Amino acid sequence: MQNKFGFSLSIFLFTLILTMTMVLFFHKPPYIPLFISYMFTFFALLKYFSAKELLNMSLKGVKRGINVIIILLLIGALVALWKQNGTLPALIYYFSRFLKPHGFLLTSFVITSTISMILGTAVGTASTIGIVIIGLAHAFGYPLPVVAGAVISGSFIGDRTSPLAGNVALLSDMGEIQQYNVLKSLFKTAIPVFTITAFLYYLFDYHLNFSAKYDISNLFTIIVQSYRLSAILFIAPLTIIILALFRIPTKTNLAIAVSISFLSSIILGYSPLDSLKVILIGNTFYSPEFKSIFSGGGMVSILPMIGVVTFATALAGILEDTGIIKSVFQSIDKIKNFKLAYLVTMLLSTLMAVITCNQALSVILPSRIMINVYERLEIAREEMVRAIADSGMILAGIIPWNLAAMLPAAVLGVKVTEYLPYAYLNLLFPLLSIAFVFAKDANELIKFYQKFVEKGRNLLQN
């Protein structure tokens with residue numbers, strides 16, 4: 001048994017290190033290291049399981065990712081149709097009145113944060129205001145990864161903290177506590193993290209030198225000449241927002257939006273055959289100057305992400321069903337104090353987000369494993385759910401092979417590895433959460449914020 005545990009730990013560490021190294025340091029597409037990790041794990045475990053058993057585990061894992069694959073394909077279709085029929089150009093045309101080049105990052109962060117708190121979903125936020133902000137970033141000459149980082153930060157504050165967020169309801173269910181108490185606990189770190197993140201984007205705006213990539217007036221002229229800016233174009237985006245407010249599942253929401261966009265294309269004079277072609281291979285915009293803004297999308301562009309989902313979920317299926325994940329944390333009952341329990345909860349949630357590639361599992365599995373520890377130590381469960389929300393749940397948005405990151409990345413058209421360093425909110429949550437727990441009292445945190453603000457002022461004066 002001990003040998004099997006040691007072998008399981010070796011497999012666990014190898015797959016984790018290999019995947020992270022190849023993606024983060026060698027910038028390989030995630031599906032390549034995931035495929036290598038899967039094959040290595042499969043053949044290594046033949047010592048303990050039959051090939052048939054491992055294949056069944058893999059298929060079981062892949063089945064869990066079918067919905068995500070469908071959602072990814074719908075996103076590819078929706079983005080392509082919006083570029084074909086003029087929905088995206090129309091949104092850029094009208095929203096440019098409110099979003100200006102100066103202070104763009106801070107404004108983008110605040111707007112996406114507001115929308116995400118209303119919708120409670122990162123994908124819904126990215127699919128509406130997020131895609132518009134990225135389009136304007138093209139025109140304003142802002143680096144897309146930086147802007148995508150601000151959009152992702154704003155999108156995930158609501159994904160984590162909104163009363164309408166599915167994740168908040170999940171935390172409430174897994175912690176067996178009222179949703180009001182969950183939110184009360186989450187806001188303890190949400191408010192300072194939001195404030196610091198906004199301040200960082202303000203500093204970035206202040207020091208960032210940029211030049212407009214395009215002549216904005218020329219962009220507007222091309223939009224008006226190339227598209228019919230009809231009111232019908234706003235039906236699909238509004239539908240996404242309304243259905244998200246009523247907590248309609250993302251797959252159903254996007255399917256309806258794609259259907260409406262397809263009909264809009266036909267009504268505006270595009271042939272059904274051309275629209276189906278666009279859904280499959282993406283839109284082609286013939287003005288060279290604005291090709292990078294209004295071309296692209298389509299289901300074919302999503303294929304690399306489908307590869308990531310397939311190998312990630314297959315690998316997760318093996319790691320879960322063989323008991324490797326459980327065996328790694330078999331000594332969890334030896335925890336004796338609150339601080340260690342909090343740190344282990346954060347570590348466990350983060351590892352689940354990395355290994356299972358599923359944001360929901362980064363909540364469910366740590367809760368199941370740790371809830372008895374919190375009860376034994378007589379620690380409030382609100383602490384457990386905040387530890388999970390501030391680690392795996394929020395970090396899922398910046399893990400390149402996690403489904404929670406791939407969906408908004410597909411909408412924005414920016415790789416997760418590119419926007420990761422600029423998603424300040426996602427990066428700050430675990431750091432501040434640890435500081436919050438280890439601070440002896442509230443005065444230490446107040447002193448920390450004061451020092452941070454003072455340094456910012458000095459930087460601005462210099």
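For every chain, the first residue of its written sequence is number 1, and the numbers climb from 1 along that sequence. The predicted origin of the model limits local features to residues at a pLDDT of at least 70 and limits the giving and counting of side-chain atom pairs to 80 or more, whereas totals for whole chains, interfaces and linings rest on all residues. Values shown for side chains rest on all heavy atoms present in the structure; no hydrogens or waters enter the calculation.

Undergrad: Would you mind going over the overall build of the chain with me for this structure?
TA: For the purposes of this entry, the term helix denotes a DSSP run of H or I that reaches at least four residues, the term strand denotes a run of E that reaches at least two, and both are numbered from the N terminus. In terms of helices and strands, the chain carries 25 helices and 0 strands. Only protein chains enter the accessibility calculation, which uses a 1.4 Å probe; a residue is then buried when its area is under 20% of its type maximum, exposed when over 50%, and partly exposed in between. Within the chain, the fraction of its 462 residues that count as buried is 56%. Of the contacts formed within the chain by residues at least 6 apart in sequence, a portion of 79% connects residues at least 24 apart. Total accessible area on the chain stands at roughly 20000 Å², and carbon and sulfur atoms take up 66% of it. Should any heavy atoms of two residues lie within 4.5 Å, those residues are considered in contact. Note on areas: Shrake-Rupley with a 1.4 Å probe; residue coverage comes only from the protein chains shown.

Undergrad: Hey, could you run me through the nonpolar core in this one?
TA: One broad rule of soluble globular proteins: the nonpolar side chains tend to lie buried together. We call a set of buried residues a nonpolar core when its members are Ala, Val, Leu, Ile, Met, Phe, Trp, Tyr or Cys and they connect through side-chain atoms within 4.5 Å of each other. Core analysis: the biggest nonpolar cluster contains 147 residues, and F104, V147, L171, F294, M370 and Y419 have the highest contact counts within it. Of the residues forming this core, the biggest block, 12 residues, is contributed by helix 7 (residues 122-140). Contacts of M370, omitting those with residues within four sequence positions, involve I332, I335, A341, V344, T345, L348 and M384.

Undergrad: Mind showing me how you'd approach a nonpolar patch on the surface here?
TA: Together, I118, L164, L238, I242, L245, F246 and I248 line one region of the surface with nonpolar side chains, adding up to about 610 Å² of accessible area. With respect to the helices, strands and loops of the structure, I118 is situated in helix 6 (residues 104-119). According to the relative accessible area criterion, I118 is partly exposed, its value standing at 40%. Exposure above 30% relative accessible area and no salt bridge define the residues that can form patches, which grow by joining like charges within 9 Å and nonpolar side chains of Val, Leu, Ile, Met, Phe, Trp and Tyr within 5 Å. Salt bridge, as applied in this entry: a Lys or Arg side-chain nitrogen positioned within 4 Å of an Asp or Glu carboxyl oxygen.

Undergrad: What am I meant to see in the packing of helix 4 (residues 66-85) against helix 13 (residues 250-267) here?
TA: The axes of two packed helices give the description: the angle between them and the distance between them. Only C-alpha atoms enter the line fits that serve as axes; for helices the fit covers just the stretch in contact. Angles between N-to-C directions range over 0 to 180 degrees. At a minimum axis distance of 9 Å, the contact between helix 4 and helix 13 shows a crossing angle of 25°. Between helix 4 and helix 13, the angle is such that the two are roughly parallel. In this structure, the crossing between helix 4 and helix 13 has a hand that is left-handed. In this structure, helix 4 uses N67, I70, I71, L74, I75, A77, L78, L81, W82, Q84 and N85 to contact helix 13, whose residues at the interface are T250, K251, L254, A255, A257, V258, S261, F262, S264 and S265. Following the grouping adopted for this structure description, the nonpolar residues are Ala, Val, Leu, Ile, Met, Phe, Trp, Tyr, Cys and Pro, the charged ones are Asp, Glu, Lys and Arg, and the polar ones are all others, Gly among them. Looking at side-chain class alone, the contact of helix 4 with helix 13 contains 13 nonpolar, 7 polar and 1 charged residues. Angle categories are assigned with fixed cut-offs, so that under 35 degrees is roughly parallel, over 145 is roughly antiparallel, 65 to 115 is roughly perpendicular, and the rest are oblique. Left-handed describes a crossing whose near helix is turned anticlockwise from the far helix through less than a right angle; right-handed describes the clockwise counterpart.

Undergrad: Mind showing me how you'd approach the environment of F311 here?
TA: Its location among the elements puts F311 in helix 16 (residues 303-321). Each C-alpha atom of the pair F311 and W401 lies 9.7 Å from the other, and the pair is 90 residues apart in sequence. Setting aside residues no more than four positions away along its own chain, F311 makes contact with Y31, L34 and F35.

Undergrad: Which parts of the structure should I look at to understand the environment of V300?
TA: Residue position: V300 is located in the loop between helix 15 (291-294) and helix 16. Distance in space between the C-alpha atoms of V300 and A77 is 9.3 Å, their sequence separation being 223 residues. In contact with V300, not counting residues within four places along its chain, are L280 and I281.

Undergrad: What should I look at first to understand the packing of aromatic side chains in this one?
TA: Two aromatic rings, taken as a pair, are described by how far apart their centres are and by the angle between their planes. Geometry of aromatic contacts follows a simple scheme: Phe, Tyr and Trp rings, the Trp one being its six-membered ring, pair when their centres are within 6.5 Å, and the pair is stacked under 30 degrees between planes, edge-to-face over 60, tilted otherwise. Following the criterion strictly, the structure yields 17 aromatic pairs and no others. The interplanar angle of 80° and the centroid separation of 5.6 Å between the aromatic rings of F42 and F43 together place this pair among those described as edge-to-face. For the ring pair Y93 and Y94, a centre distance of 5.1 Å and an interplane angle of 85° mean the geometry is edge-to-face. By relative accessible area, Y93 is classed as buried at 16%. The exposure class of Y94 is partly exposed, given its relative accessible area of 36%. Ring-pair connections join several aromatic residues into one group, and the members of that group are Y93, Y94, F220 and F234.

Undergrad: Would you take a moment to explain unusual backbone geometry for this structure?
TA: Outside of glycine, negative phi angles account for most residues, and trans bonds account for most peptide bonds. With a phi close to 55°, E176 is a non-glycine residue in the positive phi region. The phi angle at E378 is positive, at roughly 55°, despite the residue not being glycine. Judged by relative accessible area, E378 falls into the exposed class, the value being 75%.

Undergrad: Would you take a moment to explain helix 12 (residues 235-245) for this structure?
TA: Residue pairs spaced three or four apart in an α-helix point in one direction, given the helix's 3.6 residues per turn. If you check which residues of helix 12 are buried, you get A236, P237, T239, I240, L243 and A244. Looking straight down helix 12, one finds its buried side chains confined to an arc of 160°; they lie on one side. Just downstream of helix 12, R247 is the residue with a positive phi angle, here 60°. In this description, the arc belongs to the directions extending from the helix axis to the C-beta atoms.

Undergrad: Would you take a moment to explain the side chain of T239 for this structure?
TA: On the secondary structure map, T239 appears in helix 12. Leave out the neighbours within four places in its chain, and T239 touches N253, I256 and I260.

Undergrad: Even after reading the chapter, I still don't get the side chain of N426, so can you show me in this structure?
TA: Structurally, the position occupied by N426 is in helix 24 (residues 424-438). Owing to a relative accessible area of 0%, N426 belongs among the buried residues under this scheme.

Undergrad: Please clarify how helix 20 (residues 381-389) should be interpreted in this entry.
TA: Counting buried positions along helix 20 gives 8 out of 9 residues, so the element sits mostly inside the fold. Taken residue by residue, helix 20 has R381, E383, M384, V385, R386, A387, I388 and A389 as its buried positions.

Undergrad: I'm lost on the pattern of salt bridges in this one. Help?
TA: Oppositely charged side chains can pair when the atoms bearing their charge come close. Considering all chains together, one arrives at 6 salt bridges under this definition. The shortest N-O distance in the salt bridge between E176 and R381 comes to 3.0 Å. Of this pair, E176 sits in the loop between helix 9 (166-175) and helix 10 (179-207) while R381 is found in helix 20, placing the two residues 205 residues apart along the sequence. Between E375 and R381 there is a salt bridge whose closest N-O contact spans 2.1 Å.

Undergrad: Before we go on, may I ask you to explain the confidence of the model for the chain in this structure?
TA: Caution applies to low-pLDDT parts of the model: their predicted coordinates are not meant to be read in detail. Averaged over all residues, the pLDDT of the chain is 85; the fraction at 70 or higher stands at 89%. Values of pLDDT, ranging from 0 to 100, describe the predictor's confidence in every residue of the model. Looking over the chain, one finds the lowest element-wise mean pLDDT in helix 25 (residues 442-461), namely 58, and the highest in helix 14 (residues 272-281), namely 95.

Undergrad: So what exactly am I meant to see when it comes to the environment of P304 here?
TA: For P304, the position within the fold is in helix 16. You can call P304 partly exposed: its relative accessible area is 41%. Separated by 273 residues in sequence, P304 and Y31 place their C-alpha atoms 7.1 Å apart.

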